Amino acid sequence: MADRYNPQVIEPKWHQAWDASGLYATRRDRPGEKFYLLTMLPYPSGDLHIGHWYPMSPSDAVARYKRMRGYNVFYPIGFDAFGLPAENAAIKRGIHPYQWTMANIERMRGQLRRMGAMWAWDREAVSCDPRYYVWTQWFFRKLYDAGLAYRKYSPVDFCPKCNTTLAREQVQGDDRHCERCGTTVVKKELEQWYFRITNYADELLDFSTIDWPERIRTAQTNWIGRSEGAEVTFTSEAGDEILIFTTRPDTLWGATFMVLAPEHPLVEKLTTPEQRAAVTEYQLQASRQTEIERSSTEKEKTGVFIGAYAVNPVNDERIPIWIADYVMMTYGTGAIMAVPAHDDRDFAFALKFGLPIIPVIERTDEIAKSAVWDGSVGEEFAAALDAAGMAWEWLDIPERGKFYAVTLDGAEQTRSYAALLQAHLRPGHWGDIVGHAWQIVFADGPMTLTSADADRAIMARCHAGYEYTQQFRTTMEMWYATEWYRDVLYHSDYGTMINSGQFTGTPGDTAKADVTQWLEAEGIGKFAINYKLRDWLISRQRYWGTPIPMIYCPDCGVVPVPYEDLPVLLPPDAEIPPTGENALKFDEAFLHVKCPQCGNEDAQRETDTMDTFMCSSWYHYAYISPYWRAGETLGPDDMPWDVEAGDYWLPVDLYTGGPEHATMHLLYTRFFTKALRDMGIVSFDEPMLRQFNQGIILGPDGNRMSKSKGNVVAPDEWVERYGADTVRSYLMFIGPWDMGGPWNPQGIEGSRRFLERVWAVVLDPPQNPEEGGDVAEAERELRHVTHRTIHKVTEDIEAFKFNTLLSALMELNNYLMKARETVVYGTPAWDEALDALILMLAPETPHIAEELWQQRHGQGDFTPEQSVHVQPWPEYDPELAKADTITLVVQVNGKLRDKIEASADITEEEARALALASPLVQKWLEDKTIRKIIFAGGKLINIVVG
RNA sequence: GCCGAAGUGGCGGAAAGGUAGACGCGAUGGUCUCAAACACCAUUGGGGGUUGCCCCAUGUGGGUUCGAUUCCCACCUUCGGCACCA
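Rules behind the numbers
Residues numbered from 1 in each chain as written. Chains lettered and ligands numbered in written order. Predicted model: local features only at pLDDT ≥ 70, side-chain atom pairs only at ≥ 80, totals over all residues. Heavy atoms only, no water. Helix = DSSP H or I, 4+ residues; strand = E, 2+ residues; numbered from the N terminus. Buried < 20%, exposed > 50% of the residue type's maximum accessible area, 1.4 Å probe, protein only. Contact = heavy atoms within 4.5 Å. Areas by Shrake-Rupley, 256 points an atom, 1.4 Å probe, with all protein chains shown as cover. Pairing = 2+ DSSP bridges. Polar contact = N/O pair within 3.5 Å; in protein donor to acceptor, adjacent residues only side chain to side chain. Expected span 1.5 Å × (residues − 1). pLDDT = per-residue confidence, 0-100. Axes fitted to C-alpha atoms, helices over the stretch in contact; angles between N-to-C directions. Parallel < 35°, antiparallel > 145°, perpendicular 65-115°, else oblique. Nonpolar A, V, L, I, M, F, W, Y, C, P; charged D, E, K, R; others polar. Near = heavy atom within 4 Å. Arc of directions from axis to C-beta.

1. Description of the overall build of chain A
Stage number 1. The secondary structure content of chain A amounts to 31 helices and 37 strands.
Stage number 2. Overall, chain A is about 110 × 105 × 50 Å in size when its C-alpha atoms are taken along their principal axes.
Stage number 3. Going through the 946 residues of chain A one by one, you find that 54% of them count as buried.
Stage number 4. In chain A, the proportion of contacts linking residues at least 24 apart, taken out of those at least 6 apart, comes to 73%.
Stage number 5. Summed over all atoms, the accessible surface of chain A reaches about 40,800 Å², with 50% contributed by carbon and sulfur.

2. Let's talk about the sheet that holds strand β25 (residues 550-553)
The strands making up a sheet are joined through hydrogen bonds of the backbone, oriented either antiparallel or parallel.
Stage number 1. The antiparallel open sheet is built from four strands, whose spatial order is β26-β25-β28-β27. Two strands bound the open sheet, and with one partner strand each, they are β26 (557-560) and β27 (592-593).
Stage number 2. Sheet topology note: the β25/β26 ladder contains four bridges and is antiparallel. Across the sheet, residue I551 finds its bridge partner in β26, namely V559.

3. Comments concerning the environment of E366
Stage number 1. Mapping E366 onto the fold places it in the loop between α10 (344-353) and β16 (367-373).
Stage number 2. As a C-alpha pair, E366 and F802 span 436 residues in sequence and 53 Å in three-dimensional space.
Stage number 3. A polar contact is formed between the side chain of E366 and the backbone nitrogen of A411, at a distance of 3.5 Å.

4. Observations regarding helix α2 (residues 50-68)
Stage number 1. Between its first and last C-alpha, α2 extends 27 Å over 19 residues, near the 27 Å set by a 1.5 Å rise per residue.
Stage number 2. Burial analysis of α2 places 18 of its 19 residues in the buried class, which makes it a mostly covered element.
Stage number 3. The first or second residue beyond α2 is G70, which carries a positive phi of 95°.

5. Notes on the confidence of the model for chain A
Stage number 1. Overall, the prediction assigns chain A a mean pLDDT of 91, with 98% of residues at 70 or greater.
Stage number 2. For this predicted complex, the interface score ipTM comes out at 0.95, while the overall pTM is 0.91.

6. Side note on the packing of helix α24 (residues 748-763) against helix α28 (residues 846-857)
Stage number 1. The interhelical angle for the contact between α24 and α28, taken along N-to-C directions, is 5°, at an axis separation of 11 Å. Classified by the angle their axes make, α24 and α28 are roughly parallel. Here L755, V758, W759, V762 and L763 of α24 come into contact with α28, specifically with I848, E851, L852, Q855 and R856.
Stage number 2. A per-class count over the contact of α24 with α28 returns seven nonpolar, one polar and two charged.

7. Description of the sheet that holds strand β18 (residues 401-409)
Stage number 1. Strands sit in the order β17-β18-β16-β19-β20-β21 across an open sheet of six strands; the sheet is antiparallel. Every other strand in the sheet has two partners, leaving β17 (391-397) and β21 (445-448) as the edge strands with one partner each. Recorded for the sheet is a direction-independent mean angle of 25° between the axes of neighbouring strands.
Stage number 2. Here β16 runs beside strand β19 (residues 430-435); their pairing, made up of four bridges, is antiparallel.

8. Things to note about the protein's contact with RNA strand B
Stage number 1. Every one of the 53 residues lining RNA strand B counts as a neighbour, but T247, Y331, R345, K899 and N942 are closest to it.
Stage number 2. Within 4 Å of the protein, atoms of RNA strand B come from sugar and phosphate in 66% of cases.
Stage number 3. T247 places a polar main-chain atom, nitrogen or oxygen, 2.4 Å from a sugar or linking oxygen of RNA strand B.
Stage number 4. One nitrogen or oxygen atom from the side chain of K932 is found 3.3 Å from a phosphate oxygen belonging to RNA strand B.
Stage number 5. Elements with a minimum of two residues in the surface near RNA strand B: α7 (214-224), β11 (241-246), α24, α26 (802-819), β34 (885-892), β35 (895-903), β36 (930-936) and β37 (940-945).
Stage number 6. When residues of the surface near RNA strand B are assigned to their parent elements, the largest contribution, seven residues, is made by α26.

9. Thoughts on helix α1 (residues 7-21)
Stage number 1. Taking 1.5 Å per residue as the helical rise, α1 with its 15 residues ought to reach 21 Å, and the 20 Å between its terminal C-alpha atoms agrees with that figure.
Stage number 2. For α1, the full list of buried residues reads P7, I10, E11, W14 and W18. One side of α1 holds all its buried residues, which, seen down the axis, span an arc of 100°. Projecting away from the buried face of α1 at angles above 90 degrees are the exposed residues Q16 and A20.
Stage number 3. If you follow the buried residues of α1, they end up packed against α2, α22 (715-722), α23 (724-733), α24 and α28.
Stage number 4. Positive phi shows up at G22, right after α1, with a value of about 65°.

10. With respect to the pairing of strand β20 (residues 439-442)
Regular strands place side chains that alternate from one sheet face to the opposite one.
Stage number 1. Here β20 shows two buried faces, one formed by Q439 and V441 and the other by I440 and F442.
Stage number 2. As paired strands, β19 and β20 are joined by four bridges and run antiparallel to one another. Note on β20: the bridge partner recorded for G431 is V441.
Stage number 3. Two successive antiparallel strands, β19 and β20, enclose a turn made up of three residues.
Stage number 4. Pairing geometry for β20 and β21, over four bridges, is antiparallel. The residue bridging V441 from the neighbouring strand is P446, located in β21.
Stage number 5. Two successive antiparallel strands, β20 and β21, enclose a turn made up of two residues.

11. Some words on unusual backbone geometry
Stage number 1. For the bond running from L566 to P567, omega is 5°, close enough to zero to count as cis.
Stage number 2. Residues L650 and P651 are joined by a peptide bond in cis, for which omega reads -5°.
Stage number 3. With respect to the helices, strands and loops of the structure, P651 is situated in the loop between α20 (643-649) and β30 (654-657).
Stage number 4. One non-glycine residue with positive phi stands out, namely F800, at about 60°.
Stage number 5. Its place among the elements puts F800 in the loop between α25 (775-798) and α26.
Stage number 6. You can call F800 buried: its relative accessible area is 5%.

This is the structure:
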């Protein structure tokens, strides 16, 4: 009997042997292609939980697999070591952020090594090391020199608790809270540094050269938010030009008012004295708004009329100008034309404030509705509707009574209905048609809602004729009161233009382009594109980050730190103020500096540090040659890594990580590479060719793991109990890698049992061997099973389907357990099967695979050439995988009726004969005629009877 | 509201348009044991039955097909992200 499987012994043993033999040193001498596999670098928060292992175990398996396939694999790791938690820990515990971070990194290195991953530790890079951040600063300077970094005085989101500004991506939720600590952010006016990521907006929308998950591409596309439309100049009555952006120039004729953002610069000038007080009050309220925690997501529209009017340039209509907080100063031009008939926000605003709503685009479905109140027409109306084939029903509104609710389909029917209605109306009464047409039909003829003037005329007649309508300010408001109408009152279709002067009748598919062209010809407006994407705000008012290498001189102004003076070092002895304020502001030695341009002694350093996403935008380059040229003097023409090595390894072939970075890190790093390309530093357009996002491992209760829920799974204790191989394989077995799922503390037992059984199959002799049997046949069957498994496992690992990969290996092992007791034990086919099993386990469970491989093939002292992890991946032989017999599935009308063992190369003729001969099948054919027989894929036959 | 993902046994989950529930967990019964644990063997979607059988079942309702968990249409639910972007 061999020793029992004891991971506590073999795992440390192999860690040591692998390290000592240099097995995982990065090599370029293998015959195959290079493969740069990158997994998102961890933040050293202190403890690794199982959530860190979840992305890393499968990534490591892929790296190992690729190596067995002959690739030169580069699989580096490092630490994203700047950031707020270190500073907060410093305040709380009186430890310097550097010490805190380094202690955590040391602890995590140990935990990561216990996983047995094949990381290239010789290429480790830590972003808070001055030898690292000197290059982060160098990149900042290059971006500055390229005009991609600029400083702007602007209102920014500021977290009072973290004491720093946040990028737009880092502010979340309706209450606009800080991503990190949950505190509601405030607006602050500060001088801040930005990167011009917006220069690359269009290029960032192009994913054609990279294989990234759809959800990431969609998230980035939505985030960049490109819209095409037009900029159009409206003019105030006093002659001020008000520029607006619209995606719907085809709706210009329906603009019945304008809305400016409360902070729009023209508000001051345009506001009339009578409205001044109300406007100022509203502006104040709006500016405070982000500071107030909003309790509800209901966004009731608010706004104030500023007293002034503008002229709609397409039809010379005089329209009022309002301010409202639903218009953002930061998007477009900060001013809009409001087209309430075809924009839901404008529609809600107009309804609330009684502004006219004039449809200028036809519905594409041509549906119309008409409500005719009981008594407005004679009783013969119902029969007339039926005779004309018009759909109607009686509806009853308790306070208002009954009405004929007529639904009309198409222009033709709507027209004839208008005539029919008019003919049946009693004197002094009316009925409305809404949707495809917009009319009030009176006994003496219809009035149509074609303009704001028409709206006023209609209301005047209604008010005079029927007291009930006097509560309504506009025709649309009156119609809106009938609930049954609501779904046809507003739409945003691209339909045929109506009520639009010379453009009336322009079809929806060309309307936008036609109007834009005309606007340009008339000099009223021009084609324009807008993005939601804003420039990347990188300034952080914190100590623990990369100092921004800039100097402010009383004489020269903003002066960049010369390349040769880099790095600007963080003062290691800085005192972290308990308030969380930036220690650099109080560090006299850091702060005061001589101007590098004019020598003025009163210059000051920039005290802000960079967003840590700057560090992670280029870490995959740092790994190429970590701490490159440390201590040397740098210049603008240097290369930030070993070019020869970079040319070999770059770009990243596969990037694995979480999808939560979709609009931050993954967008920034693409921008960064494109900027480097334009500087001539790299020659490719995208940093990572392929990306795969894993899911989230949940707590045993199915919830996200968090300290507050008390459901965090710590890997250390599980490794102690079961070994790293069991933890690794269980994490891969739970389910599809990209789906995540709950950690089941009982489920892991199965993974451990599986490895125990592998151990037993490989090392233990038969327990109750069977006597006799056909050896050749048994070998053929075993080879069939082995090669089918190789095929399946190879396909699965290529597709990152580790759960089904492992279940295939379990099946093979289950088969071997039974086969061990037969004559096949000890045959060449048996040995081949054991080797294949071990080789296929090597990527997922590297320690047990190494141990078993060495027990079978080891020759004394371990050398890296002998390792299971450099053996070639088993070859799949399709001939051997083929089975001799199949189970022919026989269906009658698609229902399973019999299964018949048959030769694998059975012909359709033979299959028919077999199937029809089956008594189980014949039962279902009695009294029936065979209509058709389908023979599919050599494994199924379906008899169709009727 | 918009975008994305997903609904299959008691649970995690399998199924190139072709035997629904692979593999594993749990459960039940058995072997071993003084006993327990481990291990091993058997059973394990629901219902019926004449027990070498049948019916029902993949969120709901339709459709395409000889055949649908898979494709199409509509809807419901859950999770994740974005959210007044003109």
